[in-house]
Amino acid sequence: MMNHQSDDVPCMQSSLLGSHSSVHEVQSINSAELVARLESYEGSGKKGISDVRRTFCLFATFDLLFVTLLWIIELNGDPPLVDITHGILDALQREVLQYDYYTSFFDIFLLSVFRFSMLIIAYAMCKLRHWWAVAITTSTTCAFLLVKVILSKLFSQGAFGYVLPIMSFILAWIEAWFLDFKVLPQEAETENRLRVIRSVSERAALLPPAPISEGQFYSPPESPEESDEEVEEKQDIEKPLV
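Residues numbered from 1 in each chain as written. Predicted model: local features only at pLDDT ≥ 70, side-chain atom pairs only at ≥ 80, totals over all residues. Heavy atoms only, no water.

Some thoughts on the nonpolar core
Let me state the cut-off plainly: The term nonpolar core refers to a set of buried residues drawn from Ala, Val, Leu, Ile, Met, Phe, Trp, Tyr and Cys, joined through side-chain atoms within 4.5 Å. For the exposure calls, accessible area comes from a 1.4 Å probe over protein chains only, and a residue counts as buried if that area is under 20% of its type's maximum, exposed if over 50%, partly exposed in between. Under the DSSP-based scheme used, a helix requires at least four consecutive residues in state H or I and a strand at least two consecutive residues in state E, with every element numbered from the N terminus.
If you look at the biggest cluster of nonpolar residues, it comprises 15 residues, and the most contacted ones within it are Val67, Trp71, Phe105, Ile108, Phe109 and Leu164. Of all the secondary structure elements, the ones that give two or more residues to this core are α2 (51–75), α4 (106–125) and α6 (160–206). Among the elements that make up this core, the one with the highest residue count is α2 (five residues).

Dropping the structure here:
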């Protein structure tokens, strides 16, 4: 019986040590995962610009190129605005040098250049994290187009009198929606995740490893050195003789 209990003690100690080492392994794995995730977020932040912001800048570039393409097509349009026998240089002279607010589309092209320049400077170069820049471009575009459509004679210029103002209006509002509902929320969510992971990793690094307490081990009570047979013999000797 005594040998059986003594054999159980090292088994219990080894099992407790194994469980304690497994806890340390789990803690090390969790801290390694936190560090890896933190490095991945920091690596993405070191790019200088997020993926969703890059997409927004590409859309602003598309806005400029699309309006420019429509304006160039309009320069080679039907008379009476442009004489077909003349080249594109004569059309540019009519549109730019002889600019007429009531019949020219050059100001709509300049409006697209204004949107592109302001959005790229604000959200690509300065990395602005506020909506005021796109609010200025969208409100300016809407106000200018409304006044031009009401006062000018664009509708008498053919199909482009409808297409250019409508497309410029739609693109400006898509830029405002994309920034306000995609770019800024996703970047804020990424920053919050990075902040949480960094704080958790710092706490895990500051916490010392849990010491092994003596209470984790169970030591059975000591058994008497004498065997059961010796105890019975002593009891028989000590009995009084009748």
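Still more to cover.
Some points on the side chain of Lys148
Put simply, the test is: Any pair of residues with heavy atoms lying within 4.5 Å of one another is described as a contacting pair.
Its place among the elements puts Lys148 in helix α5 (residues 132–151). For Lys148, the contacting residues outside a window of four places in its chain are Tyr101, Ser104, Asp107, Ile108 and Leu154.

A closer look at the pattern of salt bridges
As a reminder of what qualifies: Whenever Lys or Arg places a side-chain nitrogen within 4 Å of a carboxyl oxygen from Asp or Glu, that contact is recorded as a salt bridge.
Considering all chains together, one arrives at six salt bridges under this definition. Between Arg115 and Asp63 there is a salt bridge, with the nearest N and O atoms lying 2.8 Å from each other. With Arg115 in helix α4 and Asp63 in helix α2, this pair connects stretches of sequence that are 52 residues apart. Overall, the relative accessible area of 1% leaves Arg115 in the buried class. Note that Lys148 is salt-bridged to Asp107, the shortest N-O span being 2.6 Å. With Lys148 in helix α5 and Asp107 in helix α4, this residue pair connects regions lying 41 residues apart in the sequence.

Here we look at the environment of Tyr123
What counts here: Nitrogen and oxygen atoms within 3.5 Å of one another constitute a polar contact, given that in protein one can donate a hydrogen and the other can accept it, and given that sequence-neighbouring residues count only through two side-chain atoms.
With respect to the secondary-structure elements, Tyr123 resides in helix α4. The class for Tyr123 is buried, based on a relative accessible area of 0%. As a C-alpha pair, Tyr123 and Cys57 span 66 residues in sequence and 7.6 Å in three-dimensional space. Each residue touching Tyr123, except ones within four places of it in the same chain, is listed here: Ile49, Arg53, Phe56, Cys57, Leu128, His130, Trp131, Trp132, Ala133, Val134 and Leu179. Here Val134 takes part through its backbone nitrogen, which lies 3.2 Å from a polar atom of the side chain of Tyr123.

So, the packing of aromatic side chains
Quick note on the threshold: Pairs were defined over the aromatic rings of Phe, Tyr and Trp, the Trp ring being its six-membered one, requiring ring centres within 6.5 Å. Orientation was assigned from the angle between planes: stacked under 30 degrees, edge-to-face over 60, tilted for the rest. Whether a charge sits over a ring depends on NZ of Lys or CZ of Arg being within 6 Å of the ring centre and within 35 degrees of the ring normal.
On inspection of all chains with the given rule, the structure shows twelve aromatic pairs. Measuring from ring centre to ring centre gives 5.6 Å for Trp71 and Phe106, while their planes differ by 45°; the resulting arrangement is tilted. Placement of the pair is Trp71 in helix α2 and Phe106 in helix α4, with a sequence separation of 35 residues. On the accessibility criterion, Phe106 (16% relative accessible area) is buried. By way of ring pairs, the aromatic residues Phe56, Tyr123, Trp177, Phe178 and Phe181 are connected into one cluster. The ring of Tyr101 is capped by Lys148, whose NZ or CZ atom sits 4.5 Å from the centre of that ring.

Some details on the confidence of the model for the protein chain
Note the following rule: Scored from 0 to 100, pLDDT reflects the predictor's confidence in each residue.
Of all residues in the protein chain, 59% attain a pLDDT of 70 or more, and the chain-wide mean is 75. The low-confidence segment residues 1–29, where pLDDT is below 50, has 14 contacts with residues more than four positions distant or belonging to other chains. Across residues 80–85 the pLDDT falls below 50, and counting only partners more than four positions away or on other chains, this stretch makes twelve contacts in the model.

What to know about the UniProt feature "transmembrane region" (unreviewed entry) in the protein chain
Test applied: UniProt positions are given in the numbering used here, feature names are shortened, and annotations may be inferred rather than shown by experiment.
Listed under "transmembrane region" (unreviewed entry) in the UniProt record, and renumbered for this structure, are residues 56–73, 101–124, 131–151 and 157–179. The distance separating the terminal C-alpha atoms of residues 131–151 is 30 Å; by composition the span is 95% helix and 0% strand. For residues 157–179, the helix share is 87%, the strand share is 0%, and the end-to-end C-alpha distance is 34 Å.

Quick notes on the packing of α2 against helix α3 (residues 88–97)
The condition that has to hold: Orientation is described by lines fitted to C-alpha atoms, with helices fitted over the stretch in contact, and by angles between N-to-C directions that extend from 0 to 180 degrees. Here is the rule for angles: anything less than 35 degrees is roughly parallel, anything more than 145 is roughly antiparallel, 65 through 115 is roughly perpendicular, and the remaining ranges are oblique. Each residue gets one of three labels, nonpolar for Ala, Val, Leu, Ile, Met, Phe, Trp, Tyr, Cys and Pro, charged for Asp, Glu, Lys and Arg, and polar for the others, Gly among them.
At a minimum axis distance of 9 Å, the contact between α2 and α3 shows a crossing angle of 110°. Taken as axis vectors, α2 and α3 run roughly perpendicular relative to one another. Listed contacts from α3 to Trp71, Ile72, Glu74 and Leu75 of α2 are Ile88, Ala91, Leu92, Glu95 and Val96. The residue inventory of the contact of α2 with α3, partitioned by class, reads seven nonpolar, no polar and two charged.

Topic: the packing of α4 against α5
At a minimum axis separation of 9 Å, α4 and α5 run at an interaxial angle of 175°. Taken together, α4 and α5 sit at an angle that is classed as roughly antiparallel. The segment α4 lies against α5, with Asp107, Ile108, Leu111, Phe114, Arg115, Met118, Leu119, Ala122 and Tyr123 engaging Trp132, Ala133, Val134, Ile136, Thr137, Thr140, Thr141, Phe144, Leu145 and Lys148. Grouping the constituent residues of the contact of α4 with α5 by class yields 13 nonpolar, three polar and three charged.

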